[in-house]
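Chain and residue survey
Read off the chains here:
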Amino acid sequence: MTNPTHSVTLLTRSGCGLCVTALKQLRAICADFDIEPSTVDVDEAAGTDPGLRAEYGDRLPVVLLDGREHSYFDVDEPRLRADLTR
């Protein structure tokens, strides 16, 4: 049912209420697939990867599936579940 090679990352920022909500949703969804979502704070990462904040900083939270943008602002649960089964 699951593909163990999938990775789910949430791009966040300190103080972002939507990011907190998205992380709770991701943890619940990913638990069904034995995946632990990771988080990256775009402001902290800017020291080594300023392009990350430039690309995503104004539309957080952003969900990355296998390193590619999957959704932003809201977690697209039906789509994410479908993609995690592939």
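The sections below set out a description of the structure shown in this document.

Criteria and cut-off values
Residues numbered from 1 in each chain as written. Predicted model: local features only at pLDDT ≥ 70, side-chain atom pairs only at ≥ 80, totals over all residues. Heavy atoms only, no water. Core = buried A, V, L, I, M, F, W, Y, C linked by side-chain atoms within 4.5 Å. Buried < 20%, exposed > 50% of the residue type's maximum accessible area, 1.4 Å probe, protein only. Helix = DSSP H or I, 4+ residues; strand = E, 2+ residues; numbered from the N terminus. Contact = heavy atoms within 4.5 Å. Patch = residues over 30% accessible without salt bridge, like charges linked within 9 Å, V, L, I, M, F, W, Y side chains within 5 Å. Areas by Shrake-Rupley, 256 points an atom, 1.4 Å probe, with all protein chains shown as cover. Salt bridge = Lys/Arg side-chain N within 4 Å of Asp/Glu carboxyl O. Pairing = 2+ DSSP bridges. Axes fitted to C-alpha atoms, helices over the stretch in contact; angles between N-to-C directions. Phe/Tyr/Trp six-rings, centres within 6.5 Å; stacked < 30°, edge-to-face > 60°. Lys NZ or Arg CZ within 6 Å of the ring centre and 35° of its normal. Polar contact = N/O pair within 3.5 Å; in protein donor to acceptor, adjacent residues only side chain to side chain. Left-handed = near helix turned anticlockwise from the far one by under 90°. Nonpolar A, V, L, I, M, F, W, Y, C, P; charged D, E, K, R; others polar.

1. Observations regarding the nonpolar core
Most often, soluble globular proteins keep nonpolar side chains buried together rather than apart. Residues Val-8, Leu-26, Val-75, Leu-80 and Leu-84 are the most contacted members of the largest nonpolar core, which totals 14 residues. Listing elements by their share of this core, those giving two or more residues are strand E1 (8-12), helix H1 (17-31), strand E3 (62-65) and helix H4 (77-84). Within the second largest apolar cluster, 10 residues are counted, among which are Leu-11, Cys-19, Leu-60 and Leu-64.

2. Things to note about the side chain of Thr-12
Tracing the chain through its elements places Thr-12 in strand E1. Not counting residues up to four positions away in its chain, the partners in contact with Thr-12 are Cys-19, Val-40, Asp-41, Val-42 and Leu-60.

3. Thoughts on a nonpolar patch on the surface
A cluster of nonpolar residues, Leu-18, Tyr-72 and Phe-73, forms a patch on the protein surface that exposes about 290 Å² of accessible area. Among the structural elements, Phe-73 can be located in the loop between strand E4 (68-72) and H4. Phe-73 sits in the partly exposed class, given a relative accessible area of 37%.

4. Quick notes on the sheet that holds strand E2 (residues 38-41)
Pairing is mixed in the open sheet, where four strands are placed in the order E2-E1-E3-E4. Every interior strand has two partners, whereas the edge strands, E2 and E4, have only one. Across this sheet, the average inter-strand angle for adjacent strands is 30°, counted without regard to direction. With four bridges joining them, E3 and E4 adopt antiparallel strand pairing. Opposite Val-63, over in E4, you have Ser-71 as the bridge partner. Along the sheet face, H1 touches E1, E2 and E3 and points at about 175° away from the line of E1.

5. Re the packing of aromatic side chains
Counting across every chain of the model gives one aromatic pair. In this structure, Arg-59 packs its charged tip against the face of Tyr-72, placed 5.0 Å from the ring centre.

6. Structural notes on the environment of Gly-17
The topology assignment puts Gly-17 in helix H1. Separated by 44 residues in sequence, Gly-17 and Pro-61 place their C-alpha atoms 9.3 Å apart.

7. A few points about the side chain of Arg-59
Inspection of the secondary structure assignment puts Arg-59 in the loop between helix H3 (50-56) and E3. Reaching out from Arg-59, the side chain makes a polar contact with the side chain of Glu-69 at a distance of 2.7 Å. Arg-59 has contacts with Glu-69, Tyr-72 and Phe-73, leaving out every residue within four places of it along the chain.

8. Brief notes about the packing of H1 against H4
At their nearest, the axes of H1 and H4 sit 11 Å apart, and the two run at 35° to each other. As H1 runs across H4, the sense of the crossing is right-handed. Residues Leu-26, Ala-28 and Ile-29 of H1 pack against Glu-77, Leu-80, Arg-81 and Leu-84 of H4. Here the contact of H1 with H4 is composed, by residue class, of five nonpolar, no polar and two charged.

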